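# A closer look at the structure
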Amino acid sequence: MSYQHILVAVDLTEECDPVMKRAQALASSTQAKLSVVHIVEPMAMAFGGDVPMDLSMLQQQQFEQAKERLDAFAIKHPQLSAENRHLAYGQPRQEIHRLAAEQHCDLIIVGSHGRHGLALLLGSTANDVLHGAPCDVLAVSLKKPAA
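Residues numbered from 1 in each chain as written. Predicted model: local features only at pLDDT ≥ 70, side-chain atom pairs only at ≥ 80, totals over all residues. Heavy atoms only, no water.

Glancing now at the overall build of the protein. Within the protein, the secondary structure is distributed over five helices and five strands. Buried residues in the protein amount to 42% of all 147 residues. Partitioning the intrachain contacts of the protein with sequence separation of at least 6 by distance along the chain shows that 76% fall at a separation of at least 24. Per element, the accessible surface of the protein, about 8400 Å² overall, is 54% carbon and sulfur. (Helix = DSSP H or I, 4+ residues; strand = E, 2+ residues; numbered from the N terminus. Buried < 20%, exposed > 50% of the residue type's maximum accessible area, 1.4 Å probe, protein only. Contact = heavy atoms within 4.5 Å. Areas by Shrake-Rupley, 256 points an atom, 1.4 Å probe, with all protein chains shown as cover.)

And the structure:
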């Protein structure tokens, strides 16, 4: 059985390009629909939840910047139509699982550096996504080859 809908979780850095290339190749070989998601984490999570100030304006700016970066990412990957680009706010594992179930995805692709993960998504989150996922998960290794 081949995959029908692939969801790629990206952090929108250049390091996610190999993840996207792998996803594109797999989607092309199986004629699967390809969607991408970027998660904006609440700033309070970075501070342990106890923040003595209102971060809503900063959070809104962060969300708007993420949208601009996702749009720029889509220019590099023109097969990603606007309806297949998702920007979510919350805890990465939960949002990726929610979107995968909501969109009826049968494969989630994330990148993994092991313990030197990319910001938010491609480190320990890759492991988090694996546990409790509503479908298969493919972790693309982003380790650089030894010289």
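The sheet built from five strands is open, its strands ordered E3-E2-E1-E4-E5 with parallel pairing. The outermost strands of the open sheet, each flanked by one partner alone, are strand E3 (85-89) and strand E5 (136-141). Going across the sheet, the axis of each strand differs from the next one's by a mean of 25°, ignoring polarity. Across the sheet, helix H3 (residues 56-76) touches strand E2 (33-40) and E3, and the angle it forms with E3 is around 160°. (Pairing = 2+ DSSP bridges. Axes fitted to C-alpha atoms, helices over the stretch in contact; angles between N-to-C directions.)

Our focus in this paragraph is helix H4 (residues 92-102). Burial in H4 covers these residues: Pro92, Glu95, Ile96, His97, Leu99 and Ala100. By the N-cap criterion, in which a side-chain oxygen at the helix start approaches the backbone nitrogen of a residue two or three places on, H4 is capped by Gln91, the distance to Arg93 being 3.0 Å. Following H4 by one or two positions, His104 adopts a phi angle in the positive range, close to 60°. (Polar contact = N/O pair within 3.5 Å; in protein donor to acceptor, adjacent residues only side chain to side chain.)

Counting 19 residues, the largest nonpolar core has Ile6, Val8, Val10, Leu34, Val36, Phe73 and Ile109 as the members making the most contacts within it. When residues of this core are traced back to their parent elements, those giving at least two are strand E1 (5-9), helix H1 (17-30), E2, H3 and strand E4 (107-112). Ranked by residues supplied to this core, first place goes to H1 with four residues. In this structure, Ala9, Ala100, Ala126 and Cys135 belong to the second largest nonpolar core, which totals 14 residues. (Core = buried A, V, L, I, M, F, W, Y, C linked by side-chain atoms within 4.5 Å.)

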